[in-house]
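One-letter residues, chain by chain:
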Amino acid sequence: TPIAKYWKNGIAVQLGSTFFSYARKIFVKNGDIYVVGYEGNGSESVAKYWKNGIAVPMTDGTKYAEVSSMAISGSDIFVSGNEYNGTYDVAKYWKNGVATPLGDGLKDSYTSEMVVQ
């Protein structure tokens, strides 16, 4: 089972638990380590990011979802990814955990990068 990890000063930090987890991107901001990706919950994958190894879920785990990118501006955290609506993947972004769909839900849509200026 794949479990996402990062290494800090040669010491592995495991992201995820018993199912699977995937890391998409990692970056450091003000000494904090952020990793975006997704983690299985036994039936679906939950879109999330980890801050210093602590998971912050973006979705409730009832539908497949993943996070592809993140940006931080001041105290605001922006995360982009997609969530399955039962028929299609819908691109969305979350600002401080609140989702905004970018796709219309009538066809697949995805995000790959998040930039905030």
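If you're wondering where the values come from, they're calculated on a predicted model, not measured in any experiment.

**Q** Can you help me understand the pattern of salt bridges in this one?
**A** Two side chains bearing opposite charge may form a pair once their charged atoms approach each other closely. Under the defined criterion, the tally for this structure stands at six salt bridges. With a closest N to O distance of 2.6 Å, Lys48 and Glu39 form a salt bridge. In terms of burial, Lys48 and Glu39 fall into one category: buried. Two residues, Glu83 and Lys92, come together in a salt bridge whose shortest N-O distance is 2.8 Å. According to the relative accessible area criterion, Lys92 is buried, its value standing at 14%.

**Q** Explain unusual backbone geometry here, please?
**A** A positive phi angle, near 50°, is found at Asn52, a position not held by glycine. When its relative accessible area of 36% is taken as the criterion, Asn52 is described as partly exposed. Positive phi is not limited to glycine here, since Asn96 has a value of about 50°. By relative accessible area, which is 45% here, Asn96 ends up partly exposed.

**Q** How should I be thinking about the sheet that holds strand 4 (residues 32–40) in this particular structure?
**A** Ordered by their spatial adjacency, four strands build an open sheet running 3-4-5-6, and the pairing between neighbours is antiparallel. Edge positions in the sheet fall to strand 3 (21–29) and strand 6 (54–57), since each of these pairs with one other strand and no more. Averaged over all neighbouring strand pairs, the angle between strand axes comes to 25°, with direction disregarded. As paired elements, strand 4 and strand 5 (residues 45–51) share seven bridges and run antiparallel to each other. Looking at the pairing, Val36 lines up with Tyr49 of strand 5.

**Q** How should the packing of aromatic side chains be read in this particular structure?
**A** Given two aromatic rings, one states the distance between the centres and the angle between the planes to describe the pair. For the structure on display, the rule yields six aromatic pairs. Between Phe20 and Tyr22, the aromatic rings sit 5.9 Å apart at their centres with planes inclined by 55°, giving tilted as the arrangement. Taking relative accessible area as the criterion, Tyr22 reaches 36% and is therefore assigned partly exposed. Between the aromatic rings of Phe20 and Tyr38, the centroid separation amounts to 6.4 Å while the plane-to-plane angle is 75°, which identifies the pairing as edge-to-face. Taken together, the residues span a long stretch of sequence, with Phe20 in the loop between strand 2 (11–15) and strand 3 and Tyr38 in strand 4 at a distance of 18 residues. Grouped by ring-pair contacts, the aromatic residues Phe20, Tyr22, Tyr38 and Tyr64 constitute a single cluster.

**Q** In this structure, what is going on with the sheet that holds strand 7 (residues 65–73)? I would like to understand it.
**A** Note: strands within a sheet are paired through backbone hydrogen bonds, in either parallel or antiparallel orientation. Within the open sheet, the four strands sit side by side as 7-8-9-10. Their pairing is antiparallel. The open sheet is flanked by strand 7 and strand 10 (98–101), the only strands paired with a single partner. Averaged over neighbouring strand pairs, the angle between their axes works out to 25° when direction is ignored. Bridge count between strand 8 (residues 76–84) and strand 9 (residues 89–95): seven bridges; the pairing is antiparallel. Each residue of the ladder has a partner; that of Val79, found in strand 9, is Trp94.

Basis of the calculations
- Residues numbered from 1 in each chain as written.
- Predicted model: local features only at pLDDT ≥ 70, side-chain atom pairs only at ≥ 80, totals over all residues.
- Heavy atoms only, no water.
- Salt bridge = Lys/Arg side-chain N within 4 Å of Asp/Glu carboxyl O.
- Buried < 20%, exposed > 50% of the residue type's maximum accessible area, 1.4 Å probe, protein only.
- Pairing = 2+ DSSP bridges.
- Helix = DSSP H or I, 4+ residues; strand = E, 2+ residues; numbered from the N terminus.
- Axes fitted to C-alpha atoms, helices over the stretch in contact; angles between N-to-C directions.
- Phe/Tyr/Trp six-rings, centres within 6.5 Å; stacked < 30°, edge-to-face > 60°.

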